[in-house]
Amino acid sequence: MTKYPSGSITGSSPSRAGGPTGDLRFSPIVNSVRLAVFYGSDQPIQVIERPFPTTLREGETLVEILLATICGSDLHTRDGRRKEPVPSVLGHEAVGRIVACGPGGTHLMPGDRVTWTSAASCGVCAPCHDWRLPQKCMELFKYGHSPLDDGSGLNGCYASHVLLRRGTSIFRVSDRLSDSVVAPVNCALATMVSATEVLPTPCRTAVVQGAGLLGLYGCALLRSKGVSRVLVVDTEANRLSRVVAFGGEPVLASLRGCIPAGQVDAVFEVAGSSSVVPEGVESLRPGGSYIFIGMVLPGTPLALTGEAIIRKCLTIRGVHNYAPRHLESAVRFLEENLDRYPWSDLVSPPHPLANIETAFDETRRRTWPRVAVLP
Ligand SMILES: [Zn+2]
Ligand SMILES: [Zn+2]
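Residues numbered from 1 in each chain as written. Chains lettered and ligands numbered in written order. Predicted model: local features only at pLDDT ≥ 70, side-chain atom pairs only at ≥ 80, totals over all residues.

### Let's talk about the overall build of the chain
Thought 1: The secondary structure content of the chain amounts to ten helices and 21 strands.
Thought 2: Over its C-alpha atoms the chain spans a radius of gyration of 21 Å, differing by no more than 12% from the 21 Å that the globule rule assigns to 375 residues.
Thought 3: Projected onto its principal axes, the C-alpha coordinates of the chain cover approximately 65 × 45 × 40 Å.
Thought 4: Long-range pairs, those at least 24 residues apart, make up 68% of the contacts in the chain between residues at least 6 apart in sequence. (Helix = DSSP H or I, 4+ residues; strand = E, 2+ residues; numbered from the N terminus. Rg over C-alpha atoms; globule rule 2.2 N^0.38 Å. Contact = placed C-beta atoms within 7 Å.)

### Some remarks on the nonpolar core
Thought 1: Ranked by size, the top nonpolar core spans 106 residues in total, and within it Tyr 158, Ala 159 and Val 232 carry the most contacts.
Thought 2: Formed jointly, this core draws a minimum of three residues from each of two domains, domain 1 (15–187 + 323–374) and domain 2 (190–318).
Thought 3: Residue contacts for Tyr 158: discarding those within four places in its chain leaves Ala 36, Ala 68, Val 89, Leu 90, Gly 91, Leu 353, Ile 356 and Val 373. (Core = buried A, V, L, I, M, F, W, Y, C linked by C-beta atoms within 7 Å. Buried ≥ 20, exposed ≤ 12 C-beta atoms within 10 Å, placed from the backbone. Domains from an automatic or database assignment.)

### Some details on the packing of helix H4 (residues 188–195) against helix H9 (residues 324–336)
Thought 1: Between H4 and H9, the shortest axis-to-axis distance is 8 Å and the interhelical angle comes to 105 degrees. In terms of orientation, H4 and H9 fall into the roughly perpendicular class. Side by side, H4 and H9 meet where Leu 189, Ala 190, Val 193 and Ser 194 of the first sit next to His 326, Leu 327, Ser 329, Ala 330 and Phe 333 of the second.
Thought 2: Considered class by class, the residues forming the contact of H4 with H9 number six nonpolar, three polar and no charged. (Axes fitted to C-alpha atoms, helices over the stretch in contact; angles between N-to-C directions. Parallel < 35°, antiparallel > 145°, perpendicular 65-115°, else oblique. Nonpolar A, V, L, I, M, F, W, Y, C, P; charged D, E, K, R; others polar.)

### As for the sheet that holds strand E3 (residues 32–38)
Sheet strands line up and pair through hydrogen bonds in the backbone, either parallel or antiparallel.
Thought 1: If you walk across this open sheet you meet the three strands as E4-E3-E7, and the pairing is antiparallel. Two strands lie at the open edges of the sheet, namely strand E4 (46–51) and strand E7 (88–89), each paired on one side alone.
Thought 2: Sheet topology places E3 next to E4; six bridges connect them, and they run antiparallel. Considered in E4, the bridge of Ser 32 is made with Pro 51. (Pairing = 2+ DSSP bridges.)

### Remarks on unusual backbone geometry
Phi is mostly negative for residues that are not glycine, and the peptide bonds are mostly trans.
Thought 1: A cis geometry characterises the amide bond from Val 86 onward to Pro 87, with omega recorded as -5 degrees.
Thought 2: For Pro 87, the location among the structural elements is in the loop between helix H1 (72–78) and E7.
Thought 3: Going from Thr 201 to Pro 202, the amide bond is cis rather than trans, its omega being -10 degrees.
Thought 4: Along the chain, Pro 202 falls in the loop between H4 and strand E14 (205–209).
Thought 5: The residue Cys 313 is not glycine, and still its phi comes out positive at about 50 degrees.
Thought 6: For Cys 313, the position within the fold is in the loop between helix H8 (306–311) and strand E19 (315–318).

### Things to note about the domain arrangement of the chain
Thought 1: Looking at the assigned domains, one finds that the chain contains domain 1 (15–187 + 323–374) and domain 2 (190–318).
Thought 2: On a C-alpha basis, the centres of domain 1 and domain 2 stand 29 Å from each other.
Thought 3: Listed per partner, the contact involves 19 residues of domain 1 and 15 residues of domain 2.

### Here's the deal with the pairing of E19
Thought 1: Taken together, the four bridges between strand E18 (residues 284–292) and E19 define a ladder with parallel strand orientation. The residue bridging Ile 291 from the neighbouring strand is Arg 317, located in E19.
Thought 2: For the crossover from E18 across H8 to E19, the handedness is right-handed. (Right-handed = clockwise from strand over helix to strand, strands pointing away.)

Rendered as structure tokens:
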């Protein structure tokens, strides 16, 4: 792995070329970047090399990936359940170190260790500005979901480098937080910060449906917000084994009757299956909230009556991704709760980028909430 001295790219300061676009040109100390390219679910991922980018435009930031993790959506794409353009570089959960910043004002410096929003947004369209949903920007660019021929091609995190575009929010992270603790923050934890942002009042008892990484993060976040009981339901005992350490009470899904009917203030669906919804609705008290987060695939029809929602005065909210403020809170939450929960137990020992298929195999086995990839 290439190490860059803090505050410098090459040992000498980068120079502005003063070209017509005001681009920043610099001389890298390595000649190439490495990318794990996904060609389709029926083909193996292949690591290729490309020339190192030497020009950055305004608002761009070149980041060396220190560690990436495999999110559920990456596995869905790898296995063909979710269609994305190919060829492409997958991966959006990662931590990295800034190599160079393009022209334009920034609070960041080469050498800074950072996390960043998993998408870039324009900041001025109706979703960004009026609806406070920048993740639904009309010009949205999502890392790990874009074709190789879009821009620099450094669009995903299963690579030695990613080129962050203008409109990406970037946050420094404390050296106290290890790479494996930080890597999943810019998808999983930030999404759960978004999901738990608004709770019914009071919120003393919550149910989390699904004991994967979102569920475990949800547990810790809800406890920090004063929720005294967080019941986490899952079908797999192995996945429930980490729940207690994150402040929750594990409930095996087959054990009916463990969730009190009509007494739960908020239910969080992170199971990815609509089959859990009737039980969730039944458990909610009048005025309770149901937050849907996991059911991101199309095959999720709901067996629900309008009557059940109306008569219980329920609030139903869908949460997809997050806004920059949620990522900023997620980083702060980790810093403030670093010693309270075993964050580093959530991520596997890293697989080298060249063995990324082995890392996907390990993700399919569901032994770890997240499997790590080391470029
Ligand atoms: Zn993700
Ligand atoms: Zn926008």
